[in-house]
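Read off the chains here:
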Amino acid sequence: TAGADVQRDRVEVEVVGWGHGEESWSIDYQIFGGNTKQADVWEKVETYLGQRYNLPNGGFLRIVNACIDTGDGFSTDEVYSYAMARNRGRLGWIPIKGASKFDAPIFQLPTRSKTNKTRPWILGVGQIKRVIYDYLSRKESGAGFCHFPEGRPDSFYRGLTAEKLVTVRSKGFSRLEWHKQYA
């Protein structure tokens, strides 16, 4: 699988291989710079995600699904267009959007729209981050363990662990929120 985070000036992509019990291997991580409203960035991402990964036994794997962040409003139309145009054949481009509620389900299937055939899957990022942080804390290979290659830049890990779960009190109520801990 692949996950793509869309920013105004770049698309960051991580390719992950999966094993039994959600054990994972981060295979590659690339940043494609440029204005995400322009086709050239998306063409680079498409070429990159279309490649195959050779296995030691002579076989190969291809990316089956790629989740693409809808861009927090600044490249949303481009992400939808990109996903709709490429959801033919083997590779599934899945536009995603984070839920506004902390305790939202991990994912919700998209609803149909008359104006836009492709709608984002809504992800319960509050819960997903809890799972990821749990997996990152595991010390031994096996279910949920995350493997990373040597030489991955520190900026990757800072981005992966940029937030901290905190309890916020407001109007007499407590709620959990993820807050950035790095600038």
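See the structure above.
Quick notes on the rules
- Residues numbered from 1 in each chain as written.
- Predicted model: local features only at pLDDT ≥ 70, side-chain atom pairs only at ≥ 80, totals over all residues.
- Heavy atoms only, no water.
- Phe/Tyr/Trp six-rings, centres within 6.5 Å; stacked < 30°, edge-to-face > 60°.
- Helix = DSSP H or I, 4+ residues; strand = E, 2+ residues; numbered from the N terminus.
- Lys NZ or Arg CZ within 6 Å of the ring centre and 35° of its normal.
- Salt bridge = Lys/Arg side-chain N within 4 Å of Asp/Glu carboxyl O.
- Buried < 20%, exposed > 50% of the residue type's maximum accessible area, 1.4 Å probe, protein only.
- 1 Å grid on protein atoms, 1.4 Å probe; cavity = no way out; pocket = protein on both sides within 12 Å on 5 of 7 lines; lining within 4 Å.
- Points joined across faces, edges and corners; volume = space filled by probe spheres on them.
- Nonpolar A, V, L, I, M, F, W, Y, C, P; charged D, E, K, R; others polar.

Caption draft 1: Spotlight on the packing of aromatic side chains. One pass over the full model with this rule turns up 7 aromatic pairs. Seen in terms of ring centroids, F32 and Y48 are 5.2 Å apart; in terms of plane orientation they differ by 55°. Their pairing is tilted. Note that F32 is positioned in strand β3 (residues 24-33) and Y48 in helix α1 (residues 39-49), a separation of 16 residues in sequence. By the ring-pair criterion, three or more aromatic residues cluster together here, those being Y29, F148, F156 and Y157. Over the face of the ring belonging to F60 we find R52, whose NZ or CZ atom lies 4.1 Å from the ring centre. Stacked on the ring of F156, the Lys or Arg R152 has its end atom at 4.6 Å from the ring centre.

Caption draft 2: The arrangement of the pattern of salt bridges in detail. On inspection of all chains with the given rule, the structure shows 5 salt bridges. Between R138 and D134 there is a salt bridge, with its nearest N and O atoms 2.7 Å apart. Classification of R138 as partly exposed rests on a relative accessible area of 31%. Across the salt bridge formed by R175 and E177, the nearest N and O atoms sit 2.7 Å from each other. Ionic contacts of the salt-bridge type, sharing partners, join the residues D9, R10 and E12 into one network.

Caption draft 3: Main features of the layout of surface pockets. There is about 260 Å³ of room inside the second largest pocket. Lining of the second largest pocket is provided by 14 residues; of these, T1, G17, I27, L61 and R62 occupy positions nearest its centre. Contributions of two or more residues to the lining of the second largest pocket are made by β2 (10-18), β4 (52-54) and β5 (60-62). In terms of residue class, the lining of the second largest pocket is built from 9 nonpolar, 3 polar and 2 charged.

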